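Remarks on the overall topology
As a plain string of letters, each chain reads:
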Amino acid sequence: MEGKTVANTVPSQTKRTALKISGMHCAVCVNSIQNHVTDLKGVTKCEVNLAAEKASLEFDPTATDLATIEKAVEEIGYKVVYEKLTVKIGNMTDSSDGEILEKRLKELEGVRYVSASFGNGKILVEYNQALLSLSDIRHVITKNGYEILSEDFSASAEEVEAKKLKKLFFIGLIFTIPVLIFGYSEYLLFIPLAKTSVAAYVVFVCASIVQFVVGSRFYIGAYRIGKMKSANMDTLVVTGTTAAYLFSTINTFPTPIWHNIYFDAASVVMTFIILGKYLETKTKGKTSSLVRKMLELQPKTARIKKDGQELEVSIEVIKLGDIILVRPGEKIPVDSIVLEGNSAVDESMVTGESMPVNKKTSDHVIGGTINREGMLVIKAEKIGSDTMLAQVVKLVEDAIGRKSPMQRTVDKIAGYFAFVVLTVAFVTFMAWYLITPAGEHQIATSLIPAVAILVVACPCALGLATPTAIMVGMSKATQNGVIFKGGDSLEMLGRTKIAVFDKTGTLTQGKPVITDFISVKQIAFRTESVVNLNADDQILELAAIAEKNSEHPLAKSIVRHAVNSKIHLDETTEFFAVPGKGVYAICHGRNILVGSTQFMEDEGIDMEPVKQSLIKLQEEGKTVILVALDKELAGIIALLDTPKPSAKTAIPYLKKMGIQVVMITGDNERTAKTVARELGIDKVFANVMPSGKSDIVKLLQKEGKVVMIGDGINDAPALTVADVGIAIGSGSDIAIDAGKVVLIRDDLMDVVSAIEISKKTVSKIRQNLFYAFVYNVALVPIAGLGFLYPTLAGLAMATSSASVTSSSLLLKRWSPPSKRKQ
């Protein structure tokens with residue numbers, strides 16, 4: 001019964017997309033959609049998230065298309081949801097303008113229908129909100145030179161569903177009250193027509209309205225899931241209430257037998273379950289809206305400077321390079337660079353940084369953050385879907401669409417749940433029938449416990465326990481500067497026992513500063529150098545010429561120092577980098593080698609004259625770079641990369657959590673151990689090549705689950721091999737391919753927060769599953785023994801799903817302990 005997610009072969013051309021689907025009740029619905037859609041030719045993957053009501057798809061566009069997939073979903077009774085937006089356009093001059101806009105909007109992937117009316121100046125757009133944002137639609141309209149005067153949104157799918165359920169609940173309540181009044185008239189005074197045929201017929205009419213009008217959705221759902229040769233919550237509700245309704249109907253005509261009339265067991269159950277679905281929809285809507293609300297952080301308008309004038313424009317009109325003015329208290333519209341001004345910017349809503357961050361000229365600012373103090377003049381660098389805010393939302397929504405291992409297991413169990421309950425109900429009916437003395441009460445006595453079992457059993461709570469907790473957990477992580485790329489990493493991170501850190505740029509600042517020069521011999525590289533440069537600068541010149549084509553942080557520091565010292569750097573005729581060791585270059589026909597002691601040894605360079613100097617510098621925690629010219633050692637450059645303040649705080653936290661901390665570096669052992677000693681790290685792997693880092697991770701995995709923390713660039717293989725890879729972002733570029741977790745900020749305390757969030761979310765999932773399982777395990781036997789009347793069973797079932805989603809929402813109030821202490 002488990003939903004299929006991946007076919008055996010993956011086509012060379014794969015298109016990824018998503019659909020919003022309504023009408024799902026439980027994990028069985030999820031499995032039915034996954035099975036049916038995956039069976040389509042060309043579909044290689046279909047993963048459905050019950051809480052988000054979203055299907056993530058991968059298919060071969062040469063074999064099928066989105067319309068075919070949508071039709072397949074609707075064939076089995078579910079609905080693909082498209083949002084509706086009506087936009088009032090201010091400057092449409094004739095009908096051709098409407099045609100142009102229709103054409104441009106239809107080009108957007110995710111737009112199903114567009115209708116432009118020149119008469120009233122409005123455009124109606126139906127679009128897939130899982131693929132397209134409002135800002136994308138606005139951008140197309142404004143890009144083509146049209147002005148947006150107003151926008152009218154249709155109610156969201158959750159809101160529409162909630163309104164329908166609310167209306168049905170009140171209809172059910174109105175017609176259930178007479179059923180209760182006449183059904184229990186012996187307990188009430190002054191009830192006219194009590195226990196008469198007229199009263200019985202009134203009860204029958206009211207119960208029929210509740211059963212077939214209020215409960216019609218359950219019959220439809222049971223029919224469509226029956227066509228799939230499966231069963232779900234609808235099957236259980238329909239089977240139980242219909243049995244009670246039919247038995248009561250038989251005993252109503254022609255002459256009522258009141259002690260065999262149990263219309264309340266059907267009507268009250270239907271009404272309560274509708275109430276439960278309403279509460280569930282409301283709480284599900286709250287969980288699914290948590291991430292989308294991040295897009296609302298972006299202001300709708302901005303003030304740009306153009307031709308010496310200040311103009312207030314829609315944010316969609318902003319182009320790259322536009323000059324924007326941001327006053328105190330206003331939101332920064334898009335990712336930009338500061339041209340003028342100084343201010344403190346509140347980035348808490350995006351990065352999780354609690355304190356305002358000081359911004360000055362040349363600093364980068366993030367769209368959606370708030371300028372707290374001074375006036376800022378900024379230049380737009382990223383707009384639309386390229387902004388950090390848009391990237392965060394996309395990453396998180398993609399992650400929510402992927403199922404976690406725990407969720408797959410629960411969905412598999414829930415797939416068999418309804419059949420097990422139907423079997424238990426039938427066995428219960430037969431058991432009661434056999435032990436009850438023959439007579440007119442025999443069937444009623446046997447039927448009521450069976451109906452109670454069918455009503456009280458709730459697969460919905462099981463299906464919602466995991467995805468709702470993961471959705472809230474991921475949004476909580478995002479608020480704290482952590483992005484999980486999937487539910488698997490969210491589950492796994494809290495179980496890791498070993499944290500492996502790369503040294504340069506992860507534990508240290510990644511901005512090494514030159515501290516020492518040691519000249520071994522006079523260099524006659526070229527006449528100008530000998531005349532104009534001292535011995536230290538001659539070594540620096542050689543090293544910088546060789547290193548200027550390298551991307552290594554040490555190389556950049558050397559080149560930066562040379563440029564600041566106004567040393568001219570000649571071009572090389574040849575350049576070759578040896579990963580993890582050094583570089584080889586030819587300039588003016590001379591061979592230059594710059595790199596580690598191992599590199600020099602491999603090249604046969606004599607280092608005996610500087611052996612003691614090397615040891616002394618390395619014991620001071622400095623990284624030593626040797627420079628050789630024409631196979632002779634010319635000198636040494638020592639650099640110091642200081643540890644990050646957050647590293648000194650995060651390492652003790654991790655050790656308190658019982659996590660072993662390990663450092664990997666390509667640096668020499670003495671330097672590595674000095675840095676490790678300063679940070680309190682006990683286990684160090686030094687002189688490790690970039691390709692060897694993944695081998696170290698594999699070795700450590702024999703001792704337990706490993707999380708690798710790196711910059712996501714030269715650590716990519718190790719991040720991929722680790723059980724969980726954490727890539728540290730730069731604050732504006734979070735679309736890092738490597739790593740299953742991304743830290744928005746360059747703050748290692750966020751590693752601690754990520755682990756805490758993982759542990760708390762998994763704890764909440766287990767709590768929800770415990771409640772859901774215990775609820776069913778405890779109440780099904782009680783119902784079977786006849787101690788739970790169907791009406792009370794319906795009330796219990798109605799509150800079970802809502803209680804699980806409400807439990808998940810409690811995570812919103814929780815904060816990682818490490819954040820509270822900062």
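Residues numbered from 1 in each chain as written. Predicted model: local features only at pLDDT ≥ 70, side-chain atom pairs only at ≥ 80, totals over all residues. Heavy atoms only, no water.

1. Describing the side chain of serine 818
Its location among the elements puts serine 818 in helix H28 (residues 817–820). There is a polar contact of 2.7 Å between the side chain of serine 818 and the side chain of glutamate 756. Among all residues touching serine 818, those that are not within four sequence positions of it are Tyr653, Met749, Val752, Ser753 and Glu756. (Helix = DSSP H or I, 4+ residues; strand = E, 2+ residues; numbered from the N terminus. Polar contact = N/O pair within 3.5 Å; in protein donor to acceptor, adjacent residues only side chain to side chain. Contact = heavy atoms within 4.5 Å.)

2. Some remarks on the packing of helix H6 (residues 197–214) against helix H7 (residues 216–227)
Across the interface, H6 lies against H7 with an axial gap of 4 Å and an inter-helix angle of 45°. Taken together, the axes of H6 and H7 lie oblique to each other. Residue-level inspection shows Gln211, Phe212, Val213 and Val214 of H6 in contact with H7, the latter providing Ser216, Arg217 and Tyr219. Residue classes in the contact of H6 with H7 are distributed as four nonpolar, two polar and one charged. (Axes fitted to C-alpha atoms, helices over the stretch in contact; angles between N-to-C directions. Parallel < 35°, antiparallel > 145°, perpendicular 65-115°, else oblique. Nonpolar A, V, L, I, M, F, W, Y, C, P; charged D, E, K, R; others polar.)

3. Considering the confidence of the model for the protein chain
Any region with low pLDDT has predicted coordinates that should not be read closely. Predicted confidence across the protein chain gives a mean pLDDT of 85, with 93% of residues reaching 70 or more. At the level of individual helices and strands, the protein chain shows its lowest average pLDDT in helix H17 (residues 527–532), which scores 56, and its highest in strand E26 (residues 660–664), which scores 95. Below a pLDDT of 50 lies the segment residues 1–12, which in the model reaches 31 contacts outside its immediate sequence neighbourhood of four places, other chains included. Scored below 50 in pLDDT, residues 731–735 shows 15 contacts in the model against residues more than four places distant or in partner chains. (pLDDT = per-residue confidence, 0-100.)

4. Focus: the packing of helix H1 (residues 27–38) against helix H12 (residues 405–435)
Their axes nearest at 8 Å, the elements H1 and H12 cross at an angle of 100°. One finds that H1 runs roughly perpendicular with respect to H12. Residue-level contacts link Ala27, Val28, Val30 and Asn31 of H1 to Asp411, Ala414 and Gly415 of H12. Residue composition of the contact of H1 with H12, grouped by class: four nonpolar, two polar and one charged.

5. Points about the pairing of strand E7 (residues 122–127)
Of the pairings in the sheet, the one linking strand E5 (residues 83–89) to E7 comprises six bridges and is antiparallel in character. Looking at the pairing, threonine 86 lines up with leucine 124 of E7. As paired elements, strand E6 (residues 111–117) and E7 share six bridges and run antiparallel to each other. Across the sheet, residue valine 114 finds its bridge partner in E7, namely valine 125. Between E6 and the antiparallel strand that follows it, E7, lie four residues; glycine 121 among them carries a positive phi value of about 70°. (Pairing = 2+ DSSP bridges.)

6. A closer look at helix H14 (residues 459–479)
Between the first and last C-alpha of H14 there are 31 Å, a value that for 21 residues agrees with the 30 Å anticipated at 1.5 Å per step. Of all the bends in H14, the greatest reaches close to 35° and is centred on alanine 465; the proline proline 467 follows between one and four positions later. Positive backbone phi, approximately 80°, marks glycine 481, located one or two places after H14. (Expected span 1.5 Å × (residues − 1). Bend = angle between axes of the 7 residues up to and from the residue.)

7. Thoughts on the environment of alanine 469
For alanine 469, the location among the structural elements is in helix H14. Taking C-alpha positions, alanine 469 is 28 Å from proline 781, a pair spaced 312 residues apart along the chain. Those residues in contact with alanine 469 that sit more than four places away from it in its chain are Thr761, Lys764, Ile765, Asn768, Ser808 and Leu811.

8. Description of the sheet that holds strand E23 (residues 590–595)
In sheet architecture, strand pairing relies on hydrogen bonds along the backbone and comes in two forms, parallel and antiparallel. Spatial ordering of the open sheet is given by E20-E25-E24-E23-E22-E21, a layout of six strands whose pairing is antiparallel. What marks the edges here is a single partner per strand, and that holds for strand E20 (513–519) and strand E21 (574–578). The mean inter-strand angle of the sheet, taken between neighbouring strand axes irrespective of direction, is 15°. As paired elements, E21 and strand E22 (residues 582–587) share five bridges and run antiparallel to each other.

9. Notes on unusual backbone geometry
Of the consecutive residues phenylalanine 253 and proline 254, the connecting peptide bond is found in the cis state with omega at -10°. The residue proline 254 is located in the loop between helix H8 (233–250) and helix H9 (263–292) in this model. With a phi angle near 60°, lysine 229 is a residue other than glycine that sits in the positive phi range. Here lysine 229 is to be found in the loop between H7 and H8. One non-glycine residue with positive phi stands out, namely lysine 566, at about 60°. Along the chain, lysine 566 falls in the loop between helix H19 (553–564) and E21.

10. Quick word on the pattern of salt bridges
Summed over the entire model, instances satisfying the criterion amount to 27 salt bridges. Arginine 590 is the salt-bridge partner of aspartate 630, the closest N and O atoms lying 2.5 Å from each other. A residue pair is termed long-range when its members are at least 10 positions apart, and aspartate 630 in the loop between strand E24 (623–629) and strand E25 (632–640) and arginine 590 in strand E23 qualify at 40 residues. The exposure class assigned to aspartate 630 is partly exposed, which follows from its relative accessible area of 29%. Aspartate 746 is paired through a salt bridge with lysine 644; the nearest N and O atoms lie 2.5 Å apart. With aspartate 746 in the loop between strand E30 (741–743) and helix H26 (749–784) and lysine 644 in the loop between E25 and helix H22 (645–656), this residue pair connects regions lying 102 residues apart in the sequence. The class of aspartate 746 is partly exposed, set by a relative accessible area of 44%. (Salt bridge = Lys/Arg side-chain N within 4 Å of Asp/Glu carboxyl O. Buried < 20%, exposed > 50% of the residue type's maximum accessible area, 1.4 Å probe, protein only.)

11. A closer look at a nonpolar patch on the surface
A surface patch of nonpolar side chains, about 310 Å² in accessible area, is lined by Phe170, Leu173, Ile177 and Ile181. Mapped onto the secondary structure, phenylalanine 170 falls in helix H5 (residues 157–183). (Patch = residues over 30% accessible without salt bridge, like charges linked within 9 Å, V, L, I, M, F, W, Y side chains within 5 Å. Areas by Shrake-Rupley, 256 points an atom, 1.4 Å probe, with all protein chains shown as cover.)

12. Details of the pairing of strand E29 (residues 724–728)
The buried fraction of E29 amounts to five of the five residues, a majority that puts the element mostly inside the structure. Burial of E29 is two-sided: the residues Val724, Ile726 and Ile728 facing one way and the residues Gly725 and Ala727 facing the other way are all buried. Pairing between strand E28 (residues 706–710) and E29: four bridges, direction parallel. Each bridged residue has a counterpart across the sheet, and for glycine 710 the counterpart in E29 is alanine 727. Relative to E30, E29 is paired through three bridges, and the arrangement is parallel. Its bridge partner being in E30, isoleucine 728 is matched across the sheet by leucine 743.

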